[in-house]
Every structure is written in C-alpha cells, then in structure tokens.
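Coordinate analysis (summary)
One-letter residues, chain by chain:
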Amino acid sequence: MKIVNLIPMGLLSVILFACTTETDPLNSIDSIDNKPDTYFKKLGNSAGNGANPYDGIGQSYRNALSLYKVSSHKPDNYEDLLLLVQNLSGGASEITSDSTTQQLLASCMNTPDAALEQVLQNPSLSEPAVTILSDFFDNYSYWASEPFGKAYSDIIAIENTTLNSATLSDEEQRIILAVTSITRYSLHHSCCEDTDWGKSVGNIIAALAGALESNQAAVEYPLITSIAGLEKIQL
C-alpha cells in the first residue's frame, strides 16, 4: 500500500467531518467560508446556495476532491481508498472495511440503476421523498449534459420546494438537501473536467446512500466512488 501524502490533506481536517448532528459544521456554508485558508477561498462559491442549510456538505466534497488532485497519493485498491478518506477526514472517518459497504459502493459504480432502487427502499424515506429523489435522479443525465447554469437553476428550484414542503420530515429534508448540494458542487467541480467520471450518476447515488446514514457519510461515500472512478479502481 502506498503512503498517503498528508501535507495537502491535512488542510482539510480543520473543516471536514467534525460530527453528524444538527450542529454539524457541515450544515452551514459559513463553516467553510469563514476559514482563513486562501486555498479554499480561491475555489470560489459560484456553485453555492446559502438558502440550503446543508450546503457545506457539497463544499466539503468539492474541497476534498480539489485537495486530492493536488496531492501525490494515488490509491491502488479499496483498502488504500479507505486510508485516503481517513486522512481526508482527520481520523474521523465513518467508513469501515466491511463487505456490505464495499458491495454497495461497487453497485453505485457498476450498476447504478439497481443501486438506486435498493437505496430508495430505505424505510426512513416516505413516498413523497422517494418521488422527489426519483425525479431528481431521472433528471441527472440531462443536467450533466447541459451548461452548469441550467443545472444550477433547476437544482435550486428543487431545493426551494424541499425547504418549503409541509409533507417532508426534517430528516428527509436533510437527506434531499445533502444530495442536491453535493450534486451542484459535483457538476461544477473543475477537478473532473478531464473525465466523464466526474459526472457519473453513481457518485450521486453513493451520496444518497451516505446521506441516509449521516452528513459525514454523505461526503465520504461519493468521495470513494469518485476517486475510484478517476483511478480506475474496481471496488
């Protein structure tokens, strides 16, 4: 296994994956924007939505990929990816090496339709939430092929509808808004412009699978599938 270059990765530990409760700094856009590091400030916030209380989740995902790209570490396998994510998360990673998680992430990459069907069967999702998420994923290929401005406007509209919904629970709103935030930043993220994998729907399905567990996992799951796709690692 290769040794992870911790110099650029260590920058992320001050903002990423602190906890997964409603006071999680990932819940707030300010938790990242107020940091003094010029590295993060220069990334800009043209993909952001301050009205989304979970916008920091998408920012954390985008920042992690940006830091990964400028690092010298290139993982070779799933275990190496886990070590990388553990370092990105400052030792607070929730990802384990169990076969169930690995199989789920592999399914997100290789058979995304089947993975989405499985994830949407989660008992914590009501029928209205499933409908919103199903429609969202149905539109993803269209957004991935359109200029970012169009995708951004459509996703913001979905976020506004979610925030104003009287039928969705607070937890369902958190899950949906975490996924939409990661999607906005994923589509906007410049580090993946040289490959179609950056726009893979499997990454966003992985984000949903993670969001069903916690804010932290919402970032870590697609981070693993994204890097695995970029490095052509079979999970």
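Going by the structure above, here's the rest.
Let me begin by describing the structure that accompanies this report. Here the residue numbers are simple positions, counted from 1 along each chain's written sequence. For a predicted model such as this one, the threshold for reporting local features is a pLDDT of at least 70, and the threshold for listing and counting side-chain atom pairs is 80 or more; totals across whole chains, interfaces and linings nevertheless cover every residue. The basis for the side-chain values is all heavy atoms of the structure; hydrogens and waters are excluded.

Moving on to helix α9 (residues 148-163). Helix numbers and strand numbers start at the N terminus; a helix is a DSSP run of H or I with at least 4 residues, a strand a run of E with at least 2. Here a helix's expected span is defined as the number of its residues, less one, multiplied by 1.5 Å. For α9, built from 16 residues, the straight-helix expectation of 22 Å at 1.5 Å per residue is met to within 8% by its first-to-last C-alpha distance of 22 Å. Among the residues of α9, those classed as buried are Ala-151, Ile-155, Ile-156, Ile-158, Glu-159 and Thr-162. The arc enclosing the buried residues of α9, seen along the axis, measures out at 160°, which places them on a common side. Any pair of residues with heavy atoms lying within 4.5 Å of one another is described as a contacting pair. The inward-facing, buried residues of α9 abut α8 (127-145) and α10 (170-188). Partly exposed describes any residue whose relative accessible area lies between the buried limit of under 20% and the exposed limit of over 50%, with all areas from a 1.4 Å probe on protein chains only and scaled to the type maximum. To be clear, the arc concerns the directions from the helix axis to the C-beta atoms.

Stacked, tilted and edge-to-face are the three classes applied to pairs of Phe, Tyr and Trp rings, where Trp contributes its six-membered ring and a pair requires centres within 6.5 Å; stacked means planes under 30 degrees apart, edge-to-face means over 60, and tilted covers the rest. Counting across every chain of the model gives three aromatic pairs. Seen in terms of ring centroids, Phe-148 and Tyr-152 are 5.8 Å apart; in terms of plane orientation they differ by 50°. Their pairing is tilted. Residue Phe-148 and its partner Tyr-152 are both found in helix α9; the two are separated by four residues, about one turn of the helix. Each member of the aromatic cluster is reached from another via a ring pair, and the members are Phe-136, Phe-137 and Trp-143.

The relative placement of two packed helices comes down to the angle between their axes together with the axis-to-axis distance. It is at 11 Å that the axes of α8 and α10 come closest, and there the two elements cross at 5°. Taken together, the axis directions place α8 and α10 in an arrangement best described as roughly parallel. For the pair α8 and α10, contact is made by Ala-129, Ile-132, Leu-133, Phe-136, Phe-137, Tyr-140, Trp-143 and Ala-144 and by Glu-172, Ile-176, Val-179, Thr-180, Thr-183, Ser-186 and Leu-187, respectively. Geometry is summarised by axes, namely lines fitted to C-alpha atoms with helices restricted to the contacting stretch, and by angles between N-to-C directions that run from 0 to 180 degrees. An angle below 35 degrees is read as roughly parallel, one above 145 as roughly antiparallel, one from 65 to 115 as roughly perpendicular, and any other as oblique.

So, about the environment of Leu-133. Position of Leu-133 among the secondary structure elements: in helix α8. When the C-alpha atoms of Leu-133 and Ile-158 are compared, they prove to be 10.0 Å apart, with 25 residues separating the residues in sequence. Residues within four places of Leu-133 in sequence aside, it is in contact with Leu-120, Leu-125, Ile-176 and Leu-208.

A side chain of one charge can pair with a side chain of the opposite charge if their charged atoms are brought near each other. Only one rule defines a salt bridge in this text: a Lys or Arg side-chain nitrogen within 4 Å of an Asp or Glu carboxyl oxygen. Summed over all chains, the structure comprises five salt bridges. For the salt bridge of Lys-150 with Asp-154, the shortest nitrogen-to-oxygen distance reads 3.3 Å. Highlighted residues: Lys-150 and Asp-154, both in helix α9, separated by four residues, approximately one helical turn. Judged by its relative accessible area of 21%, Asp-154 is partly exposed. Glu-159 is paired through a salt bridge with Arg-184; the nearest N and O atoms lie 3.0 Å apart. One end of the pair, Glu-159, is in helix α9; the other, Arg-184, is in helix α10, with 25 residues separating them in the sequence. For Glu-159, a relative accessible area of 0% translates into the label buried. Arg-184 gets classed as buried once you look at its relative accessible area, which sits at 0%. Linked by salt bridges that have partners in common, Asp-55, Glu-159 and Arg-184 make up one network.

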